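Okay, here's what each chain looks like letter by letter:
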Amino acid sequence: MFFSVTSPWSEECRRRALKIASSPDSAAPVAPQHCGARSRNAKMATDLGELLVPYMPTIRVPRTGDRVFKSECAFSFDSPESEGGLYVCMNTFLGFGREHVERHYRKTGQSVYMHLKRHVKEKATGAAGGAIPRRRNGKVFLDLELNRDFNGEDYEYEDEAKLVIFPDHFEIPLPNIEELPALVTIACDAVLNAPSAYKKQEPESWEEEIQVSRHARSLRQLDNGVRIPPSGWKCQKCEMRENLWMNLTDGTVLCGKWFFDGSGGNGHALEHFRETNHPLAVKLDTITPDGADVYSFEEEEAVLDPHISEHLSHFGIDMLQMQKRTENGHNTDNNSRPRVSEWEVIQESGMKLKAVFGSGYTGIKNLGNSCYLGTVMQVLFSIPDFQRMYVGNLQRIFDYSPLDPTQDFATQMAKLGHGLLSGQYSKPPMKSELIEQVMKEEHKVLNWHQQKGVSPRMFKSLVSRGNPEFSSTRQQDAHELLLHIINLVERNSAGSENPSDVFRFLVEERVQCCQTRRVRYTQRVDYCIQLPAPFEAATNREELLAYEAKLKDAEENMRAPPEPVRARIPFTACLQALTEPENVPNFWSSALQAKSAGVKTSRFASFPEYLVLQIKKFTFGVDWVPKKLDLAIDVPDFLDLSRMRAIGLQTGEEELPDIMPPIVLAEDTRDNSMGSLDSPEIDEAAVMQLAEMGFPLEACRKAVYYTGNMGPEMAFNWIIAHMEEPDFAEPLTLPSMIDLGPSTSDSPMGATPLENSPPEESIAILTSMGFPRTHSITALKATNNNLERALDWIFTHPEEEEETEALSDMADTEPNDNAFSNSNSHSDSTLSQDRDSSGPRVKDGPGRYELFAFISHMGASTMSGHYVCHIKKEGRWVMFNDHKVCLSERPPKDLGYIYFYHRLSSG
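To keep things clear, this report deals only with the structure shown in the data block. These numbers come from a predicted model, not from an experiment. (Residues numbered from 1 in each chain as written. Predicted model: local features only at pLDDT ≥ 70, side-chain atom pairs only at ≥ 80, totals over all residues. Heavy atoms only, no water.)

## A closer look at the sheet that holds strand S18 (residues 594-604)
The test is simple: Any two strands between which DSSP finds at least two bridges are classified as paired. Secondary structure elements are taken from DSSP: a helix is a run of H or I of four residues or more, a strand is a run of E of two residues or more, and numbering for both begins at the N terminus. Axis geometry follows a simple rule: fit a line to the C-alpha atoms, using only the stretch in contact for helices, then measure angles between N-to-C directions, giving values from 0 to 180 degrees.
If you walk across this open sheet you meet the 4 strands as S14-S13-S18-S17, and the pairing is antiparallel. Strands at the two margins of the open sheet, each flanked by one partner only, are strand S14 (519-526) and strand S17 (582-589). Neighbour-to-neighbour, the strand axes of the sheet open up by a mean angle of 35 degrees, direction not taken into account. Looking at chain direction, strand S13 (residues 505-513) and S14 are connected through 8 bridges and run antiparallel. The partner of Glu508 across the bridge, within S14, is Gln523.

This is the structure:
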């Protein structure tokens, strides 16, 4: 039985149903209304009407804003294509698979469900051997967001819908116009024709839809013989080599507009439009086989050009040969070879990879630039703690889920984890299917036909809620998503097992005042190590320098660029760079009670059970677009970080006084820009040297002052760290000084006279880390609700009773070398899984690790490209490439972006 988008129910029936729905007593049980006197079976109509009367108050018509889940179960990945179909509650409009609909009935008492079943079959052939034209019924009860692996030319869909009444499973086939009450018919019609539950979220993305330019179709191009070379571009008026736009009418290459931060260009492309009225221009470094950035000067907005390939070929540009320009750390080029090579190596192209199926080998479908989410979740659910928390407690989580499980984080995590680990959605093809495919010579389909994977649409919708980046359809940074998921796990694990404990560790930071040489030791919580990639340590440095020279020569002489060279950096050099001292921007010395220069070094105060290393492969280009450095690092399989263990305050070191920075009072800064102090001493020579670089004069003055006149280099670092602040270019303002005196644990509020109420969300984050609620509130109040400073405050201000408990706990634990001292030596705490309540829960242990997974990125920046992950399972490396899962022959460990290590046992 097929349904069309326009329901076959008559308009007369609709009018009567609407009339009944608007009547004052429409909520009362009503007798069935029929379409005219052509009822096929009056007795049957009466029976159905009487059957549905008790349930009429529970049957609703979807209103504006209601989401109808017709394509996916709330607890599993069952869909109308599944063997048991999908049941949609006629009151909540939630979808449930056959195994879960009974749970919803028992919990809510809702009895009436619409059962949706989609039958997929090969298209029949006609007498002449040709395929029978496919009947289009695509939007019957979903927007075809199901299995897209089917070839639309070879398959057709047959849809079936019926009402099912629980608990007796009484079934009423649809459409059943004459026998059903009118209110039921209109409710069924509305459910069948409702849009996807995820359509309403699309406008939440702040990515504005780009329209086709009205000039694209009729654009006139001059036959002036202009041919654009593949590289070496520069503005024809000012010699600028960045932010270049080619006019699509005459091929003129000119620079773009100037931006407030000093980047951009001199606006020559806009001037050219005003002189010639040639409306469209394309940004040269955005041309790829997938398209390019086109701007319409006349329409004053970014536009689409459906004929961009033809327009570019007029000037000798072949889109298929173009690739986005990519920063490799020292140079920029338009050659596609390094990116193509990267894609081939990471995806192990050209190798006969064996597909694997079963538990733990289920792929995740790409929803369109969602591979960053798929790779992160594959790795997380390969960790036993996440498996135990969400899959091991599956039934308990499902049984105690809220009435809307689609909005419950634990439920959706359990659903995704079960989908990946059960093997239910990763089954090998039948032998008969393989033979049939071989006969059809469908070699590409043969490799992956049965590995359909699971669709993370419901999960992505939940975790991206309120986040404009993750809720968009653009590519995102997998590292940022990992931290986002960990944050969600923390928030939703209060009072229960927290699987993200395996990532948490403590970092000891030693800050030294450069003028007084005094030090301060503090500790902070972290979940990931960002590993620098020092290009100066590359083993092929001479080869890189030679490549730079050849590239520069090629650009100057308008020749093709040379074969690119990838920097090869030793992993030991990355670890060394991690431990190097770094300047502290905006450092306030409590010994001087003034801004000064500070130097910071970091060590591990504890080692996590699972160590996450992110290679800092991305930087920002002149247009502030993230660019990826082209490098390879010989990341080891086994790692020993024991030498990076923190050792605390050393003999002969003198601590900085425990004095809080001054409070800035707004009323003091309005009338007197210099406060009550005399004009500060500022190195005007350093100020002018920075100003000549193009930075605002007042920003330069602040940079020199806040770095204690330590020179233009340190001031430059301060500028880079504070450029995005709203008051960056405003005049230097010194605060009034309040003599706070040393802060003590007896008077934690002495640091700030302002009363404030900490946000409950910040309190929940601290308590989820293991801190007592009262201590968390006190810390937040003492730091003006700054979460990062509150963590530091907790470490430096343990409560007296907690100190006593800590000492008691230490007496009950066997001795080990994992003790550490906080910055003021108030107490010693044993870092272990059962650590005392005054600090965060960490699972400390030896610093020896083994690599078990890594995520790789292909493409020019985090805003584009593709993610793939490799995970070591049962002693074999397995590649997860969206829904495709196969054994890896040559895991590209040197090209990874995020690496995951698990701790080796002490034995």
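## With respect to helix H11 (residues 409-421)
Basically, it comes down to this: The length a helix should cover is 1.5 Å for every residue beyond the first. Here's how the labels work: a residue is buried when its accessible area is under 20% of the maximum for its type, exposed when over 50%, partly exposed in between, all with a 1.4 Å probe on protein chains only. Any two residues having at least one pair of non-hydrogen atoms within 4.5 Å are treated as being in contact.
Helix length check: H11, at 13 residues, gives a terminal C-alpha distance of 18 Å against a target of 18 Å (1.5 Å per residue), a fit within 8%. Most of H11 sits out of view: 11 of its 13 residues are buried. Inspection of H11 places Phe409, Thr411, Gln412, Met413, Ala414, Lys415, Leu416, Gly417, Gly419, Leu420 and Leu421 among the buried residues, and these make up the whole buried set. On its buried face, H11 sits against helix H8 (371-380), helix H9 (384-391), helix H10 (394-399), helix H14 (457-463) and helix H15 (478-491). Once H11 ends, the next one or two residues include Gly423, with phi positive near 80 degrees.

## Considering the pairing of strand S30 (residues 896-903)
In terms of burial, S30 is largely enclosed, as 7 of its 8 residues are buried. In this sheet, S30 lies alongside strand S19 (residues 610-615) in antiparallel orientation, the contact comprising 5 bridges. Bridged to Val612 within S30 is Phe900. By the bridge criterion, 7 bridges tie strand S26 (residues 848-858) to S30 in an arrangement that is antiparallel. Across the sheet, residue Glu850 finds its bridge partner in S30, namely His902.

## So, the packing of aromatic side chains
Where we set the bar: Stacked, tilted and edge-to-face are the three classes applied to pairs of Phe, Tyr and Trp rings, where Trp contributes its six-membered ring and a pair requires centres within 6.5 Å; stacked means planes under 30 degrees apart, edge-to-face means over 60, and tilted covers the rest. The criterion for a charge sitting over a ring is simple: Lys NZ or Arg CZ within 6 Å of the ring centre, and within 35 degrees of the ring normal.
Scanning the model with the defined rule gives 21 aromatic pairs in all. On the numbers, 5.5 Å between centres and 55 degrees between planes, the contact of Phe854 with Trp877 is tilted. Of this pair, Phe854 sits in strand S26 while Trp877 sits in strand S28 (residues 876-881), and the two are 23 residues apart along the sequence. For the pair formed by Phe854 and Trp877, the shared burial category is buried. By the ring-pair criterion, three or more aromatic residues cluster together here, those being Phe381, Phe386, Tyr390, Phe409 and Phe503. A cation over an aromatic ring shows up here: Arg118 above the ring of Tyr157, its NZ or CZ 4.7 Å from the ring centre. A cation over a ring is seen here: Lys873 above Tyr361, with NZ or CZ 6.0 Å from the ring centre.

## Considerations on the packing of helix H19 (residues 684-691) against helix H21 (residues 712-722)
Helix-helix packing: each pair is described by the crossing angle between the helix axes and the interaxial distance. Formally: If an angle is under 35 degrees, it is roughly parallel; if it is over 145, roughly antiparallel; if it lies from 65 to 115, roughly perpendicular; otherwise it is oblique. Each crossing is labelled by how the near helix is turned from the far one, with a counterclockwise turn of less than a right angle marking it left-handed and a clockwise turn marking it right-handed. When residue character is reported, Ala, Val, Leu, Ile, Met, Phe, Trp, Tyr, Cys and Pro are called nonpolar, Asp, Glu, Lys and Arg charged, and the others, Gly included, polar.
Here H19 crosses H21 at 50 degrees, and the two axes come no closer than 10 Å. Judged by the inter-axis angle, H19 sits oblique to H21. Crossing handedness for the pair H19 and H21: right-handed. Contacts from Ala686, Gln689 and Leu690 in H19 reach Pro712, Ala715, Phe716 and Ile719 in H21. Partitioned by chemical class, the residues of the contact of H19 with H21 number 6 nonpolar, 1 polar and no charged.

## Focus on unusual backbone geometry
Residue Phe166 is joined to Pro167 through a cis peptide bond whose omega torsion reads 10 degrees. Its location among the elements puts Pro167 in the loop between strand S4 (155-165) and strand S5 (170-173). Positive phi, close to 60 degrees, is recorded for Asn369, a residue that is not glycine. On the secondary structure map, Asn369 appears in the loop between helix H7 (337-346) and H8.

## Some points on the pattern of salt bridges
What counts, and what does not: In what follows, salt bridge is the name for a side-chain nitrogen of Lys or Arg lying within 4 Å of a carboxyl oxygen of Asp or Glu.
Enumeration over the complete set of coordinates arrives at 29 salt bridges. Where Glu509 meets Arg524, a salt bridge forms, and the shortest distance between an N and an O atom there is 2.4 Å. Placement of the pair is Glu509 in strand S13 and Arg524 in strand S14, with a sequence separation of 15 residues. What makes Arg524 partly exposed here is its relative accessible area of 24%. Residue Asp553 is joined to Arg559 by a salt bridge in which the shortest nitrogen-to-oxygen separation is 2.2 Å. Since its relative accessible area comes to 33%, Asp553 is described here as partly exposed.

## Let's talk about the packing of H8 against H15
Across the interface, H8 lies against H15 with an axial gap of 9 Å and an inter-helix angle of 50 degrees. Put simply, H8 runs oblique to H15. Note that H8 runs across H15; the crossing there is right-handed. Contact residues: H8 offers Tyr372, Leu373, Val376, Met377 and Leu380, while H15 offers Ala478, Leu481, Leu482 and Ile485. Class assignment of the residues belonging to the contact of H8 with H15 gives a composition of 9 nonpolar, no polar and no charged.

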